[in-house]
Structure formats: C-alpha cells, structure tokens
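Coordinate analysis (summary)
Listed here are the chains, written in short residue letters.
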Amino acid sequence: FFFDIMPEPASGLWRSQDMVLLQLHMQREAAHDTILKLGHLGCVQFRDMNPNTSAFQRLFTGDVRRCEESERRLRYFEEQLKRAKGHKHVTCLVDGTHSETLDSLEPKLESLESELRDLNSKWEQLLSQKNSMKEHSEILTQPPSFFRGDDEGFSTSTAAAADEGTTFRVGGLRYLTGVINSDRAALFERLVYRATRGNMFMRTTPAKEQFEDPATGELVEKTVFVVFFSAQRAFDKIKKLCESMLATLYPYNIDSPQEVQQTTLKVMDTIRDLETTIKGTEDVREDILEKVKTNLYLWKKTVLIEKSVYDVLNMLAFKGQTVVAECWAPKEDLAHVQTALSEAEQTSGAQVQSFMETIDTRDQPPTYFKTNSFTKIHQSIVDSYGIARYKEINPAVFSCMTFPFLFGIMYGDIGHGFIITLVAAFFILREKQLMESGLNEIIAMVFGGRYILILMGIFAIYTGFLYNDFFGMMISPFGENTFWTFPVSKEAWASDCSDEYNYWFANKTAGVLQACKVNDGSPYIFGIDPNWCETENKLEFYNSLKMKMAVILGVIQMSGGLLLSLLNHVYFKDMKHVWFGFIPEVIFLWFTFGYMCLMIIIKWNTDWPQRFRTTIELDKPGVHYLNAPSLLEAQTNFFLSPGSIAQDAYVFVGADFQNAVQSFLLLCCLLAVPLLLIPIPVIEYLHHKHTAYGELEEAQRNDLNPSEPQATAATGGDEEPHEKEDHEPFDMSEVVIKQVIHTIEFVLGCVSNTASYLRLWALSLAHAQLSEVFWNFAMIMPIMQDSGSGIFCFLGFAVWFAASLMVLCGMESLSAFLHALRLHWVEFQNKFYFGDGTQFVPYNIKEFHEMAKPNVSGEE
C-alpha cells in the first residue's frame, strides 16, 4: 500500500522519462517541413515503418544520393581550401535557421565545382609548362665544364670510373641531359649503370630552385644529370629508363654556344609569360575560394540536414496524399510536438490539418534520462555497461557519489588528491575556452570527465585525512595524541589504576605485559593516530583496519543493490521475485557476511583489556596471551563447524549464546537456497498453464460466435499491429536452468563479490607503501647524501616529483578508477540492474552544427 500511494518516481534521473508512442498524420506536402521542425525540437525518435523495404527501393533514395553528391562537392571545396594559401582558418557563420533548400543549393555547388575544376586543370597545365621550362633553364644555365667532363665539384659515377680505369672525354661519346626528382637520382644512376653494364659515365648536380608539384602543391627538389655513352643500344635503354623513372630529357648542343644562349632567352621569356598567366588564374580561383570560404559552413550544414530529413522520410509510410509517421517521444514534450506540427502545417501551406494520436503498444519503450554537464559522465559510465530497461532504477544516481568515494578509499592521499582536484578545477574553470579550442584525444577524454575527476580528488583528500597520509608521510593536522608502551608488573595489573591510565594490552614475551597510555584518555580527533607510523606493527595494524573496512563497505553496497532490486520488483508489481527472490537473497547475504560485519563492529567497540582483566587469573603460573578472538577463524567455523566457539573466544554476550545464534543463522541460509531455487519456476509454470487455459476458452468462445473477429476485421484491425500480442513459447527446462544458474551465481557471488571488495584494502595499502618508498628513496636518501651543495636535493626532488606525477597521479589513479568501475559494474549493479534496454536516440538537427564545421586546418 505504501508503494501504491507514492508519487511516480519517473521523468528524471531516478527512473527514465515517461515515453509514449505517437502516430503522426500529415499531408504529403507538409512532411518535409514537419520532419524539419521536429528535428529542431529534438525530442522524437522515429520508427521505421518500412522494415521489409530495401534502401534502394525507398521513395527518397534519389534525394539521398543527391545529398551525398553535394557532400562530395563540399569535401572537394575543403581540400581546395587546405591547399590554397591564406585559407587555413574558416570563420563558421553560426545560423540557427535552415534558410536554403537542396534544390537551390545543388546547382550553385555544381557551378562552383565546375569552375574550380576548369581553373585547376588550366593552372596545373600552366604550372607543368612552367616547371618544364624551369627544368630546361636549369640545364641551359649549367657551365660548359659540366658537359665536357672537367672536374669542378660535380658528382660522377664512381662505379663506372673504377671499372673503366680511364680518363673520360667528350669527344666520340654521345650524351643525354635531363632532370629527375632528387629522391630518384641515386636509383636512376644505379639502373643506368646496370643496364649499360658499366659502359657509361653520369654526372649530376642539384637544381638551383625548387619545383611546385601541380598535383599536391608541395615543393620538390630535382637534380640535373648528363649521361655519356657510346653505343646506340645504350641510348635506347637509357631513354626507356628515363621514361620509367619519370625523368625528363631536354636537348643541349654543347658545340653551339650561340644556340644555347638563344634558347635560354626564349625559355626565360616563356617562363615570365607563364608566371603572368598563372598569377591571373590564381586570382580568379582566389575569388571563388573566398566565396566558398564564407558560405562553406552553412552549405555543409544545409546538406547534412537535408540528407537527414530524407533519411527520416524514407522511414515513413506514404498512402496517396497522406503520410503516417510513428515516433517515440517523452510525455512531457507532447505539447511541443503538437506545436511543431501546427507550425509546419502553416509553413508548407498544407490544406489538411496535421494531427497526432497516442498508440497503445506492448513494445518496450526506449530509455531516456535527462542529464546535464555533471551527470552526463556518470550516465555514460553506466551506459557503457548496458542501457537501463524502461523504468528501471538508474544506477547513475548512486554512482555519482559511490564511485568517487570508492576511488578515494583506494587512493587516499591528501597531496595526490589535491593534484587531481587542481587539474579538474582548471578544466571546470576554463570549460568554455577549452570546449571551443581543439583538444587532442587524451586531453579531451580527461576533460570530458572533469566533474567526476574533481569528486575523485575531493574524496581522495577526505580519505587522506582519515589515513593521515600526505605524499606518503604521516602528518598531525589535529595535534599530538602521543601514546607509548611500557612493561607493567603483576601488581600494577592487579591494582585498579584505570583512573590514571588507559591500557591497551597485547600478547608479548613471556611474563611481560605491555600497556599504553593515551595522553588525555580519548582517541585521536579525526582519522588514524599519526603516531602509528613510528611503531613496528603499523603495517599489521593498517592491514587489519583497511581489510575490515573494505568488507563492511562491500556488504553495505551489495545490500543497497538488493534493496534497489526490491524497489524494482515492487514498481513492476513482480511480487514473486519479492517473496522468492529478494527475501532469500537478503537473508543469505545478511546472515553470513552481514553477521561477519556485525562481529567486526562489536569487536571494535569491545573493551578487551577489561574483559581479560575479569576473566584471566594472572596469579596462576604460565604465559597469558591476551588476544581478541580471530574473526577469520570464527567465520570459517561458521560454515564448517557451527557451534564450536570456545568459552574464551566468543565475541558478544557469551559462547553458548553465540553458538546458538550462528546455528540459527546458518539454518536460515540453508533454507534460503531452496526458497530461491524452486518456487519461481513453479509459479511461472502455473501462470503459463493458467494463461494457456484462458486462451483456449477464448478460442472456443470465438468459434461459437464467429461474428466478433469478422467485425474486428471490418474495422481495419490489421492496421493496428500494435495490439497484437506475441507470446514466446514457454520452455520449462529453460526456466529451470535459468533459475539454477541464478541461484548458483548468487550464492557463490556472495563469497566472491565480498572478497572482491578487498581490492579497496589492497590498492589503498599499495598506494601508501609506494608513496612511502618514493619519498624515502627519492627524497630522503638524496638529502642525507647531500654535502651542502644542493645538487642531490634538486635531483632527488625532480625524481620524486616526476615519479609522483607519472606513477602515483597517472598510473595509480587509472588503476583505482578501473577497480572502482569494476566494483560498480560487477559487484553492485548485478544485484538489481539488467541493462538490456534500448537507448532513446532522438532526431536532433543540433547535432549537425558541430559536424558541419569545416576542417581546413591542414591537420590530419
């Protein structure tokens, strides 16, 4: 009754938004504008009403291809802007309206592309001619000695000279001159040498200028070469090699200096004419690119939006002049949807009014949670595990706090937590500037988790104060509360001196009792007493404390998961899982490991010296070991030998009473296992049998009165496929196997999941010990070795700081993050979270604003 009168906990982050399935009816002429308006609204997810129709057979496939062709043209414009000088950055004109249609934009893009391609073709031809003339001028401007074989610092083919062993002469030899790319010159020389079997002489020199590649626009270095040979067959081979290596040959008559001079003048004149023509072509292309640069963002956004609209239109059902659409929408946005339909109707000038209606369906609605900048990262972590079922409790509500808290338990250090908090605070304070600027992939990932990062740092600082740990050093933020140990005689033990001293007894060597005196008779104000760092058994103390804390926190979180499963069962009115799922599960967990947590708390709050004082006779000879009972041994005996607690090893009340309690708890656990295993399959079988009997009676009734289904068909019942109920075949063996697996998994999971929470203790201890090692060996040891120069101090601090940042703040924080993630995904969420829902993906045009931003920076 209490849950029935509670208000609906939906429409927020606790449970998903209330979703309804809408059927929209509109005139064919209003369909495009309606989809556009709903896209600007961004709150509806369309369903495909043509699932059996292939993509090539849909009505607007041709329009989609037109959009893809326009996208190709826009990508071509971006490439041209990348290559063009002075267009490295494009100012995006942000406009929230959709003012231009595809019909008006398509011919404009086609005309601009045609002009650009013609200009680029002419420019490439002119540049190729210019490069050819420059290559020829490089040959013509070489000194005559380059072609006569005089040694003036030109490189020669040493391999050929070694084989011939003679002095090279021009007289009687043929030669070829040309230009080749510098990266191919060495290979070309080797190939020529092998093709002519060494019967050649080659000389090369780098060109004085660089050449612009017409295809890529990059500057290329080239080499001038001359090859001397004697036979005609060698000429044919060398010419073929020049063609294969993309080397260009040019004529050069070494015996006619006047002809060379005239040719040089003609070539230079041609180069000047070509440069003038190229400059004019570049100016025209610059004007076109300037126009493209100004409108590229709006054009690209228009094309993307139009393509998305046609993709949605392909999902609708067209019946003559009527269009029917089905979509999911949050219930709270129905008024906005109706407004969008009315506005689209007026914009398109449709004669028939558009309307919508709600459809009753058995289909599972999509899951939609409203998030903001803070909750978005937590929701994404949960969604990485699985999308919540519709109306299932959202684990992100709890992980907002429990996730950074468990991280802080494993990463408790004031100094390291402060560094993480400082980084996260910087990201939050500079949020707008960093979002507008381009971040690399790693920085962007850290920036996306800035809100969870600051909580992780704050909780790490908090647990650092609990541990009194600061960069591996124990600190005393709340003053001193010194304690010390000293031997106590039997007379002092027997006498009542509790008013003067506060004793803490432990097992020591024979005949000697150890006591400690606390300064003011009270524990430390907050956290662990810092004086524990000076004791020999500090590691043993930390192990015991953190291990027990990890178990208690684990049982608390798993119990919270079971309570959330109860809320889910009650919400969905699944009472069989309340009585035969939740109750036996919580009995088994609380009566085993919950009982162990209770013994831990009782042991912490028990005055063991006072109990030993009243139960041990110290006057008797022998060694008296004043040890508190071992909880590990007690928990092991709880399963293996119940009722075997010794008279001096009980934790609460007395040994007989504790034996009776443990026997009762173990009996309840044994009864909870069949209660979890058997009833649910039996109930589902009986429910299926009852349902099948009811359907059989209904079928017999329909056979006796056949007019009812005919009337349903006459009213167009086949047009309402949402009312048809699909029953999956019932398989009793499958239900039994599923329940057996669930029972075994839960029983074994109680043990393994509880043990898994010991990672809180392990990582916390490892972090503290690693911090202490870095501090002692990288900081303290160099300081002790320093003789006053400060060099060792500086180097030690640099090593310590680098290790702290890279290892402790980098690797260790990532390790703690992953372990906290596992504890939530596996140990916590598997108690109540199915995670097999469907994500609500609304059609939102705002997403294309970011996608439409041009990339013309030239970065890959």
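Nothing here was measured: the structure is a model prediction, and the numbers come from that model. (Residues numbered from 1 in each chain as written. Predicted model: local features only at pLDDT ≥ 70, side-chain atom pairs only at ≥ 80, totals over all residues. Heavy atoms only, no water.)

Another point: the overall build of the protein. The helix and strand inventory of the protein stands at 28 helices and 16 strands. Buried residues in the protein amount to 42% of all 860 residues. At a minimum sequence separation of 6, the contacts of the protein that also span at least 24 residues come to 83%. Put simply, the protein shows about 46800 Å² of open surface, and 58% of that area lies on carbon and sulfur atoms. (Helix = DSSP H or I, 4+ residues; strand = E, 2+ residues; numbered from the N terminus. Buried < 20%, exposed > 50% of the residue type's maximum accessible area, 1.4 Å probe, protein only. Contact = heavy atoms within 4.5 Å. Areas by Shrake-Rupley, 256 points an atom, 1.4 Å probe, with all protein chains shown as cover.)

Our next topic: helix H8 (residues 232-244). Here H8 contains 13 residues, and its C-alpha end-to-end distance of 19 Å stays within 8% of the 18 Å for a straight helix at 1.5 Å per residue. Restricting attention to buried positions, one finds in H8 the residues Ala234, Ile238, Leu241 and Cys242. Seen from one end, H8 has its buried residues packed into an arc of 100°, which puts them on one side. Among the exposed residues of H8, those pointing more than 90 degrees away from its buried face are Arg233, Lys240 and Glu243. (Expected span 1.5 Å × (residues − 1). Arc of directions from axis to C-beta.)

Take Arg15: it is sitting in the loop between helix H1 (2-5) and strand S1 (19-27). Residue Arg15 is classed as buried on the basis of its relative accessible area, which comes to 2%. Within the structure, the side chain of Arg15 is placed 3.1 Å from the side chain of Asn568, a separation counted as a polar contact. (Polar contact = N/O pair within 3.5 Å; in protein donor to acceptor, adjacent residues only side chain to side chain.)

Here the focus is the pattern of salt bridges. Summed over the entire model, instances satisfying the criterion amount to 26 salt bridges. For Arg66, the salt bridge is made with Glu106, and the minimal N-O distance between the two is 3.0 Å. Within this pair, whereas Arg66 is found in helix H3 (residues 61-83), its partner Glu106 is found in helix H4 (residues 102-140), the two being separated by 40 residues in sequence. Relative accessible area serves as the criterion here: at 18%, Glu106 is assigned to the buried category. With a shortest N-O distance of 2.8 Å, Arg450 and Glu431 are connected by a salt bridge. Residue Arg450 is located in helix H16 (residues 450-467), and its partner Glu431 is located in helix H14 (residues 431-436); the two are separated by 19 residues in the primary sequence. A relative accessible area of 8% means that Arg450 is categorised as buried. Looking at Glu431, the relative accessible area reads 15%, which means it is buried. (Salt bridge = Lys/Arg side-chain N within 4 Å of Asp/Glu carboxyl O.)

This paragraph deals with the packing of helix H21 (residues 631-640) against helix H22 (residues 655-677). Running from N to C, H21 and H22 point in directions that differ by 55°, and their axes come no closer than 10 Å. Taken as axis vectors, H21 and H22 run oblique relative to one another. In the crossing of H21 with H22, the sense of the turn from one axis to the other is right-handed. Across the interface between the two elements, Ala634, Phe638 and Phe639 from H21 touch Gln662, Leu665 and Leu666 from H22. Tallied by class, the residues present in the contact of H21 with H22 amount to five nonpolar, one polar and no charged. (Axes fitted to C-alpha atoms, helices over the stretch in contact; angles between N-to-C directions. Parallel < 35°, antiparallel > 145°, perpendicular 65-115°, else oblique. Left-handed = near helix turned anticlockwise from the far one by under 90°. Nonpolar A, V, L, I, M, F, W, Y, C, P; charged D, E, K, R; others polar.)

Look at helix H27 (residues 791-828): 51 Å from first C-alpha to last across 38 residues, which is about the 56 Å you get at 1.5 Å a residue. Residue Ser804 marks the point of greatest curvature in H27, where the axis turns by about 30°. (Bend = angle between axes of the 7 residues up to and from the residue.)

On the surface, Ile678, Val682, Tyr685 and Leu686 cluster together to form a nonpolar patch covering roughly 360 Å² of accessible area. Locating Leu686 in the fold gives a position in helix H23 (residues 679-704). (Patch = residues over 30% accessible without salt bridge, like charges linked within 9 Å, V, L, I, M, F, W, Y side chains within 5 Å.)

In most cases, non-glycine residues show a negative phi, while peptide bonds are predominantly trans. One non-glycine residue, Leu246, adopts positive backbone phi at about 60°. Along the chain, Leu246 falls in the loop between H8 and strand S9 (248-250). Positive phi outside glycine occurs at Asn468, with the angle close to 55°. Since its relative accessible area comes to 0%, Asn468 is described here as buried.

Counting residues in hydrophobic clusters, the biggest one holds 69 residues, and the most contacted among them are Tyr411, Met599 and Leu760. Leave out the neighbours within four places in its chain, and Tyr411 touches His416, Gly417, Ile420, Ala460, His767, Leu808, Cys809, Glu812, Ser813 and Ala816. With 51 residues, the next largest nonpolar core counts Cys43, Leu105, Leu119 and Val337 among its residues. (Core = buried A, V, L, I, M, F, W, Y, C linked by side-chain atoms within 4.5 Å.)

Moving on, we come to the environment of Gly415. Of note, Gly415 is situated in helix H13 (residues 414-429). Separated by 56 residues in the primary sequence, Gly415 and Phe471 have C-alpha atoms spaced 5.4 Å apart. Residues in contact with Gly415, not counting those within four places in the same chain, are Phe470 and Phe471.

Here we take up the side chain of Lys134. Along the chain, Lys134 falls in helix H4. The buried category is assigned to Lys134, whose relative accessible area is 12%. In contact with Lys134, not counting residues within four places along its chain, are Glu209, Gln210, Phe211 and Ile271.

The next subject is the packing of aromatic side chains. Inspection of the entire model under this criterion finds 32 aromatic pairs. Ring geometry for Tyr571 against Phe572: centres 5.2 Å apart, planes inclined by 90°, an arrangement best described as edge-to-face. In textbook terms, an aromatic cluster arises when at least three aromatic residues are bridged by ring pairs, as seen for Trp14, Tyr385, Phe398, Trp825, Phe828, Phe832 and Tyr833. The ring of Trp123 has Arg285 sitting right over it, with the charged end atom 4.7 Å from the ring centre. The aromatic ring of Tyr467 is capped on one face by Lys546, whose charged end is 4.2 Å from the ring centroid. (Phe/Tyr/Trp six-rings, centres within 6.5 Å; stacked < 30°, edge-to-face > 60°. Lys NZ or Arg CZ within 6 Å of the ring centre and 35° of its normal.)

Relative to the helices and strands, Leu241 is located in helix H8. On the accessibility criterion, Leu241 (17% relative accessible area) is buried. Here the alpha-carbon distance between Leu241 and Leu191, two residues 50 residues apart in the chain, equals 7.7 Å.

Take the confidence of the model for the protein next. Of the residues in the protein, 81% reach a pLDDT of 70 or more, and the chain-wide mean stands at 82. Per-residue pLDDT stays below 50 along residues 484-515; that stretch engages in 57 contacts with residues further than four places along the chain or on separate chains. (pLDDT = per-residue confidence, 0-100.)

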